[in-house]
Amino acid sequence: MTNSVVPYSFAETESGRSSFFAALILIGLVGAGAGAGLAKFVSDMTETAVHGRIREAQAFSQTLPFAPSTRLQRLEPLVTNLAVPNKAWIRLQASLLLEDDPDGDVAVLRKRIEDDFMSYLRTLTMAHLEGSVGLQHLREDLNERAKVRSKGQVREVILESVVIQ
């Protein structure tokens, strides 16, 4: 008499086969539910982050001192001598903030303003440009001249560099 041990298999019986498929279906449903929950979670986080950035951009654009459609036009470097002393030179690098779309050609407007700035710089003396007050006066005078030349299309003149030699 030999005792042989036969391992028990679910697949051998009808009830074992049905319980195997039931377990397989249950695992599939649990996996699908977990995947759907994770997808919903990621979608909500992404939507919150995107809307938060949009709100931040809107808040930032509301704090700007000028319209988002304002354009920056860089002027050519202006180099000329001062009125007094004759041997002193000034080099001015500036940009213009233009409101929306200016009337006419921007290049023509830019050249007119550059010519006006050059004429004005030739009338300055070294005493006019001394100290921070002199630089502030220069900035205000250039802003005023640009606004008059452009008939109000220039919002502001930004001085990038001023070198006096």
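Throughout, residues of each chain are indexed from 1 in the direction in which the sequence is written. Only residues with pLDDT of at least 70 are given local features in this predicted model, and only at 80 or more are side-chain atom pairs given and counted; all residues enter the totals for whole chains, interfaces and linings. As a convention, hydrogens and water are excluded, and side-chain values are obtained from all of the structure's heavy atoms.

Novice: Run through the pattern of salt bridges, naming residues and quoting values.
Specialist: When a carboxyl oxygen of Asp or Glu is within 4 Å of a side-chain nitrogen of Lys or Arg, the pair counts as a salt bridge. Taken as a whole, this structure holds six salt bridges when the rule is applied. Among the salt bridges present, the one from Asp116 reaches Arg145, with a minimum N-O distance of 2.9 Å. Here Asp116, found in helix 2 (residues 106–122), pairs with Arg145, found in helix 3 (residues 131–149); they are 29 residues apart in sequence, far enough to count as distant. Assessed through its relative accessible area of 10%, Asp116 is described here as buried. A residue is classified by how much of its surface remains accessible, and Arg145, at 31% relative accessible area, is partly exposed. Notably, a salt bridge pairs Glu156 with Arg139, separated by 2.6 Å at the nearest N-O pair. Of the two residues, Glu156 is situated in strand 4 (residues 154–164) and Arg139 in helix 3; the sequence distance between them amounts to 17 residues. Classification of residues uses two cut-offs on accessible area relative to the type maximum, computed with a 1.4 Å probe and protein chains only: under 20% is buried, over 50% is exposed, and between them is partly exposed. For Glu156, a relative accessible area of 26% gives the class partly exposed. Secondary structure elements are defined from DSSP: runs of H or I of at least 4 residues count as helices, runs of E of at least 2 residues count as strands, and each element is numbered from the N terminus.

Novice: Give a description of the nonpolar core that names residues and reports values.
Specialist: Residues Leu96, Ile113, Phe117, Leu138 and Val157 are the most contacted members of the largest nonpolar core, which totals 23 residues. Here this core gets seven residues from one element, more than from any other, and that element is helix 2. What makes two residues a contact is simply this: any of their non-hydrogen atoms within 4.5 Å. Not counting residues within four places of it along the chain, the set of residues in contact with Phe117 comprises Leu75, Leu78, Leu142, Arg145, Ala146 and Val157. Within this scheme, the nonpolar core is defined by two criteria: the residues are buried Ala, Val, Leu, Ile, Met, Phe, Trp, Tyr or Cys, and they are joined through side-chain atoms within 4.5 Å.

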